[in-house]
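Geometric and topological summary
The chain contents come next:
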Amino acid sequence: MLSMSDRLLLAIESSCDESAVALVRNGVEVLVERVASQTAIHAPFGGVIPEVAARAHHEWLPLLLNEVLQEAEGLGIAATIEGVALTTGPGLVGSLLVGAGIGSAWAWARGLPVVPVNHLEGHLRAAWLRDLVEVDVPTLPAIGLVVSGGHTLLVRIERSGVIVRLGGTIDDAAGEAFDKIARLLGAPYPGGAALSALAAKASRGGRITPLPIAKTDQPYDFSFSGVKTAAIRQALLASGITDHTPGRAATLTRQFTERPLPEGAAIAIAAATEQAIVGALRAGVQRALRANPDCSLIVGGGVAANVPLRAALALVASEERRTISVPPLKWCTDNAAMIGAAGDALLRDGRGVYQDPSTGLEVHAQWRIGSEVPA
Ligand code: KG4
Ligand code: ZN
């Protein structure tokens, strides 16, 4: 049951290939939640097809919303929803428009405010969601690391909505690098978790040829595209393919779909990939923590589900004597609960808007975290 002081937000996420709806109490407690992943639809294409994603959101979101509201009716809390948190960027424009359209129409019909949420801020706010497992409640200011399929960035979070970007990837996102190399190793899209499972098979002390990580000009930037190229080179070498035509990574990767790598080589490349990516992220986070001695550490995004990365960052935090908050695995990958958590903080900051859906809620393919919504 809700008390008078409780705030209940409906939240919708549709920026990429997860359709998700949740009900979140006070920005920390998930009362009802649905996530429908489109992975199986996009996997045959080796990546997300924007038009297909938008259509699936259009088909699924109303069903998920209905289910969540019915469950809320059953709990006797549906009438107490105070607002609707919506992902309005960054992401695929068509997908964002579907979620924003459905959410703002629903809110308008009930005279409720909508709260536009930056997806990346959502990933960071996921650390505030309480689960049965008790973890450190995040404290601010904090260094935030977002590592997902589309983004890799380091920020300093002062408070909700006040976030300073320190740096980020200058080419591939960490998840993108995981996915591209996983494809080379024969795993279907998105292959990060599969690559990690393969890497776990590498024997301790086994021979792994390290993959190089490019140095960047800025201390908080990352570069992962060189890891991918080096992994392809190792794969070519391991399979004795000497007659390849030099070409783009995608063309070279295709050769391995036809002729899979020997398992030992795949395991060694997976382990080297994970080592390189985790090492680069760890180093960047350590630099940021050292330069910001007042900060705790918050991590979010799909790649934060990676077990060796979680362990490496926990170690850094402990070495630097900081607390670390990483969401449980289910809230690392895209979900609506994190949007509800971010939306709650923003609503308290007066960022709710009464949006007539006929004029359309603006969505943004690009939206730098910490900046105002682009004009
Ligand atoms: O945050 P997310 O669900 O979607 C985006 O906003 O991009 O992140 C998805 C990414 C994919 O690249 C996926 O391969 C990666 O997270 N991922 C992992 C693991 N689980 C998911 N990468 C490495 N290790 C994992 N265990
Ligand atoms: Zn995401």
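Description of the structure in this document. The shown structure was predicted, so the numbers you read here are calculated from the model rather than taken from an experiment.

Let's shift gears to the site of ligand 1. Looking at ligand 1, there are 19 residues lining it, with G149, D179, G302, N306 and D334 nearest. Note that an oxygen atom of ligand 1 is positioned 3.3 Å from one of the side-chain N or O atoms of H119. Contact distances for ligand 1 include 3.1 Å between an oxygen atom and a side-chain N or O atom of H123. When ligand 1 is considered free in solution it has 560 Å² of accessible area, and contact with the protein chains removes 88% of it. Of all the secondary structure elements, the ones that give two or more residues to the shell around ligand 1 are α4 (119–125), α5 (174–184) and α6 (192–199). Take the shell around ligand 1: its biggest share by element is three residues, from α5. When the residues that make up the shell around ligand 1 are grouped by side-chain class, the tally is six nonpolar, eleven polar and two charged.

Coordination of the zinc ion (ligand 2) by the protein involves H119 (NE2), H123 (NE2) and D334 (OD), with metal-donor separations of 2.0 to 2.1 Å. Seen from the zinc ion (ligand 2), its four donor atoms lie at angles of 94 to 142°, and the figure they make is irregular. Of note, the zinc ion (ligand 2) draws all its donor residues from one chain, in the sequence arrangement H-x3-H-x210-D. One end of the pair is H119 and the other is H123, both in helix α4 and four residues apart, which spans about a single turn. When sorted by exposure, H119 lands in the same class as H123, which is buried.

Next up on the list: the nonpolar core. Membership of the largest hydrophobic core comes to 54 residues, with the highest contact counts inside it found for V147, L185, F224, L281, L297 and V299. Sorting the residues of this core by element identifies β6 (142–147), α5, α6, α7 (225–238), α9 (263–291), β9 (296–300) and α10 (307–319) as the ones contributing at least two each. Among the elements that take part in this core, α9 stands out by supplying 14 residues, more than any other. Listed in part, the 27 residues of the second largest apolar core include A78, A107, V114 and L361.

Turning to empty space enclosed by the protein, a few remarks are in order. Throughout the structure, instances matching the rule amount to one cavity of 30 Å³ or more. Of the voids in this model, the largest cavity is the one considered here, and its volume is about 50 Å³. E121, L124, R125, W128, I157, R159, S160, G161 and I163 together form the lining of the largest cavity. Of all the secondary structure elements, the ones that give two or more residues to the lining of the largest cavity are α4 and β7 (152–159). Here the lining of the largest cavity gets three residues from one element, more than from any other, and that element is α4. Split into classes, the residues belonging to the lining of the largest cavity amount to four nonpolar, two polar and three charged.

With that settled, the discussion passes to the pairing of strand β3 (residues 29–37). Here strand β2 (residues 18–25) pairs with β3 via eight bridges, running antiparallel. Directly across from V24, in β3, lies its bridge partner V30.

The next subject is the packing of α6 against α9. One way to put it is that α6 packs onto α9 with a least axis distance of 8 Å and a crossing angle of 110°. Between α6 and α9, the interaxial angle falls into the category roughly perpendicular. You can see that α6 and α9 cross each other, and the crossing is left-handed. Listed contacts from α9 to L195, S196, L198 and A199 of α6 are A266, I267, A270, A271, T273 and E274. Residue classes in the contact of α6 with α9 are distributed as seven nonpolar, two polar and one charged.

Contact geometry of α5 with α7 gives a least axis separation of 10 Å together with a crossing angle of 10°. In this view, α5 runs roughly parallel relative to α7, as classed from their interaxial angle. Judged by the sense of rotation from one axis to the other, the crossing of α5 with α7 is right-handed. Contacts from K180, I181 and L184 in α5 reach V227, K228, A231, I232 and A235 in α7. Class assignment of the residues belonging to the contact of α5 with α7 gives a composition of six nonpolar, no polar and two charged.

Glancing now at the state of the cysteines. For the structure shown, the criterion picks out zero disulfides. C16 carries a free sulfur, and the closest cysteine sulfur to it, the one in C332, is 16 Å from it. Here C332 falls in the buried class, since its relative accessible area comes to 0%.

Once that is clear, we can look at α10. Between its first and last C-alpha, α10 extends 18 Å over 13 residues, near the 18 Å set by a 1.5 Å rise per residue. Listed as buried for α10 are L309, A312, L313, V316 and A317. With its buried residues spanning 135° around the axis, α10 presents them on a single face. In this structure, the buried side of α10 is in contact with β6, α9, β9 and β10 (324–325). A distance of 2.9 Å separates the backbone nitrogen of L309 from a side-chain oxygen at the start of α10, and that oxygen is part of N306.

Conventions used here
- Residues numbered from 1 in each chain as written.
- Chains lettered and ligands numbered in written order.
- Predicted model: local features only at pLDDT ≥ 70, side-chain atom pairs only at ≥ 80, totals over all residues.
- Heavy atoms only, no water.
- Near = heavy atom within 4 Å.
- Polar contact = N/O pair within 3.5 Å; in protein donor to acceptor, adjacent residues only side chain to side chain.
- Areas by Shrake-Rupley, 256 points an atom, 1.4 Å probe, with all protein chains shown as cover.
- Helix = DSSP H or I, 4+ residues; strand = E, 2+ residues; numbered from the N terminus.
- Nonpolar A, V, L, I, M, F, W, Y, C, P; charged D, E, K, R; others polar.
- Donors = N, O, S within 2.8 Å, 3.2 Å for Na, K, Ca; no water.
- Tetrahedral: all angles 85-135°; square planar, octahedral: opposite > 155°, others 65-115°.
- Buried < 20%, exposed > 50% of the residue type's maximum accessible area, 1.4 Å probe, protein only.
- Core = buried A, V, L, I, M, F, W, Y, C linked by side-chain atoms within 4.5 Å.
- 1 Å grid on protein atoms, 1.4 Å probe; cavity = no way out; pocket = protein on both sides within 12 Å on 5 of 7 lines; lining within 4 Å.
- Points joined across faces, edges and corners; volume = space filled by probe spheres on them.
- Pairing = 2+ DSSP bridges.
- Axes fitted to C-alpha atoms, helices over the stretch in contact; angles between N-to-C directions.
- Parallel < 35°, antiparallel > 145°, perpendicular 65-115°, else oblique.
- Left-handed = near helix turned anticlockwise from the far one by under 90°.
- Contact = heavy atoms within 4.5 Å.
- Disulfide = S-S within 2.5 Å.
- Expected span 1.5 Å × (residues − 1).
- Arc of directions from axis to C-beta.

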